[in-house]
Amino acid sequence: MTQELTTPSPAPRAPAPRRGSGWWRDAVIYQIYVRSFADSDGDGIGDLRGACGKLPYLKALGVDAVWLTPFYASPQADGGYDVADYRAVDPLFGSLDDARDLIRAAHDAGLRVIVDIVPNHTSDRHPWFQDPELSRQRYVFRPGKGERGELPPNDWESVFGGPAWTRTERGDWYLHLFAPEQPDLNWDNPDVHAEFADILRFWLDLGVDGFRVDVAHGMVKAPGLPDIGRGEQAKLIGSQVLPFFDQDGVHAIHRSWRQLLDGYGDAHGKEVVGVAEAWAPSAERLALYVRPDELHQAFNFPYLNATWDAADLRAVIDASLDAMRPVGAPATWVLSNHDVVRHRTRLGGGLDRARAAALLMLALPGSVYIYQGEELGLPEVTDLPDHVRQDPSFFRANGQDGFRDGCRVPLPWSGELPPYGFGPGGSWLPQPADWRRLTVEAQTGDPSSTLELYRTALDLRRRLPGLGDGELSWQPAPKGLLAFRRPGLLCTVSLLPHLVEFPLPGRPLVSSAPVTVDGGSAVVPGDSCTWWAI
Ligand code: GLC
């Protein structure tokens, strides 16, 4: 049964007064996928100390905050998104002291820290799931269908493929929207609410500035757990309200967390934020997660999924801004993350297109997410041998986003050969033999490098007043080109495959590819983006 798409009115409650500096409204947030960022101890797996050592790099890059993917105690059935203890650091990544040091060092460097919180499911090794009594109450168990209960309770499919139910030895079934090692929590149980409020406070006390809420659209399931009645459910995610995704009931949880975050922030003189990872079927439904009394930001997956096409991009930018305006939340922009094919490869136009897409994104009003390595122009690694792969969606049919290891290959920092300074040992996934020109070391100081392009653009974004927040105004442009004004600049984007000439709009500030200025004309290459001073 697929539910009707209903959109409750966007701002039914009075807007909350603006608190604090609103640092997050235009923040550039750098995603650290911890196991692939930097390794300090030589086991080939990135860790918190490794990340700590790279904070000066991030400061120099010009970002405002980091988001750390889960580093909690976990059997690592899904890269740490299967948490066994939310208050402990997995020894793979270090210790609680390392987390404390990292948060302190980031703050000393003027960077804020956002950590991941995984409330839809735990690991099957979590003590609650291990306890036969507790697990019955705090997870979603149901008897099976069929004469002997041998069939799953309903037709839901796991996002990673296959049925969303696994039968226990006792004969009943438990729900897991992801891997069988990730049982879904029962958010009808007040103990679950209390536990997560306590976990949030635990990390707030350690000093974090916010939470990225994993599967923020999934915690509440439709009463009665109705069948969907159609196969290929993975294709429906994000285009429909499903009985397990984007149920209206999730908003009560986000409202309670907002109260907790605001209360904590007020008491400690800071502003702590929540960021929703929510796959909603429309920009309007996504905006519901960032109403004034809910979370602060939501990832803009429609933007990530837009094709390299002028009309498509303009439409998705307008839809994003239009949807956020009534709720007063900033739009967010993202091109890559640890779940999708890196945009250099995904957009299909190689490095030129990736650089143009990045410069366009950095000119948009709102907050930006940068996934580690995109500032180096890293491509997706498409030829990993099967025996090194670890993504559970690779091992179950019909993965959500294809196979997610190719975007998680450890970063190249320096040197000529793997592991390119990633750490003193190897790297948990093999790095390509031809990445030596992509290292941080090779790109630093080279004005034509992608790293320096990001640095220049981020520096300008800080220095041009008003560039981060506010509105944009589209300007007339020939077919295949986009042009819009922002405070202090005009941004032009060519989505054409060839050179194009137009009247010189101003002085070039930064460009993703060389532009030629000839008298009163500008000539820009295909697949390029330029910021012009006006
Ligand atoms: C989110 C994470 C993804 C993870 C899934 C289950 O989508 O980004 O990596 O597999 O949640 O926790």
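Residues numbered from 1 in each chain as written. Predicted model: local features only at pLDDT ≥ 70, side-chain atom pairs only at ≥ 80, totals over all residues. Heavy atoms only, no water.

Peer 1: Summarise the overall build of the protein chain; cite the residues concerned and give the values.
Peer 2: Each helix and strand in the protein chain was counted, giving 15 helices and 21 strands. At a minimum sequence separation of 6, the contacts of the protein chain that also span at least 24 residues come to 68%. Looking at the protein chain as shown, the accessible area adds up to about 19,900 Å², and 53% of this sits on carbon and sulfur atoms. With 51 positive and 70 negative side-chain charges, the protein chain shows a separation of 4 Å between the mean positions of the two kinds. (Helix = DSSP H or I, 4+ residues; strand = E, 2+ residues; numbered from the N terminus. Contact = heavy atoms within 4.5 Å. Areas by Shrake-Rupley, 256 points an atom, 1.4 Å probe, with all protein chains shown as cover. Lys, Arg positive; Asp, Glu negative; His and termini not counted. Charge placed at Lys NZ, Arg CZ, Asp CG, Glu CD.)

Peer 1: Outline the pairing of strand β16 (residues 489-494), supporting the account with residue identities and numerical values.
Peer 2: Counting buried positions along β16 yields 6 of 6 residues, so the element is predominantly enclosed. Burial along β16 is two-sided: Leu 489, Cys 491 and Val 493 facing one way and Leu 490, Thr 492 and Ser 494 facing the other are all buried. Alignment of strand β15 (residues 481-486) against β16, held across 6 bridges, turns out to be antiparallel. If you follow Ala 483 over to β16, its bridge partner there is Thr 492. Between β15 and β16, which pair antiparallel in sequence order, lie 2 residues; one of them, Gly 488, sits at a positive phi of approximately 85 degrees. (Buried < 20%, exposed > 50% of the residue type's maximum accessible area, 1.4 Å probe, protein only. Pairing = 2+ DSSP bridges.)

Peer 1: Give me the lowdown on the side chain of Glu 380, citing residues and values where you can.
Peer 2: Relative to the assigned elements, Glu 380 resides in the loop between β13 (367-371) and α13 (392-395). Buried within the structure, Glu 380 lacks any salt-bridge partner; Arg 342 is the closest side chain of opposite charge, at an N-O distance of 5.3 Å. Polar side-chain contacts of Glu 380 include one of 2.9 Å to the backbone nitrogen of Arg 342. The contacts of Glu 380, once residues within four sequence positions are left out, are Val 340, Val 341, Arg 342, Thr 345, Phe 403, Gly 406 and Cys 407. (Salt bridge = Lys/Arg side-chain N within 4 Å of Asp/Glu carboxyl O. Polar contact = N/O pair within 3.5 Å; in protein donor to acceptor, adjacent residues only side chain to side chain.)

Peer 1: How would you explain helix α6 (residues 190-205) if you had to name every residue and give the values?
Peer 2: Its 16 residues place the ends of α6 23 Å apart at the C-alpha level, agreeing with the 22 Å of an ideal helix rising 1.5 Å per residue. Residues of α6 that are buried: Val 192, Glu 195, Phe 196, Ala 197, Ile 199, Leu 200, Trp 203 and Leu 204. Measuring from the backbone nitrogen of Asp 191 back to the side-chain oxygen at the start of α6 gives 2.7 Å, which picks out Asn 189 as the cap. Directly after α6, the chain includes Gly 207, whose backbone phi takes a positive value near 110 degrees. (Expected span 1.5 Å × (residues − 1).)

Peer 1: Describe the environment of Ser 473, and please don't skip the residues or the numbers.
Peer 2: By secondary structure assignment, the location of Ser 473 is in strand β14 (residues 473-474). You can call Ser 473 partly exposed: its relative accessible area is 33%. In sequence terms Ser 473 and Pro 487 are 14 residues apart; their C-alpha atoms lie 9.8 Å from each other. Of note is the side chain of Ser 473, whose polar atom sits 3.2 Å from the side chain of Gln 475.

Peer 1: Quick rundown of the site of the ligand? Include the residues and the values.
Peer 2: In the neighbourhood of the ligand, 14 residues make up the surrounding shell, with Asp 78, His 121, Asp 214, Glu 277 and Asp 339 lying closest. One of the side-chain N or O atoms of Asp 78 is found 2.6 Å from an oxygen atom in the ligand. Here an oxygen atom of the ligand and a side-chain polar atom of Asp 214 are 2.8 Å apart. Burial of the ligand by the protein chains amounts to 99% of its free accessible area of 310 Å². Partitioning the shell around the ligand into residue classes produces 4 nonpolar, 3 polar and 7 charged. (Near = heavy atom within 4 Å. Nonpolar A, V, L, I, M, F, W, Y, C, P; charged D, E, K, R; others polar.)

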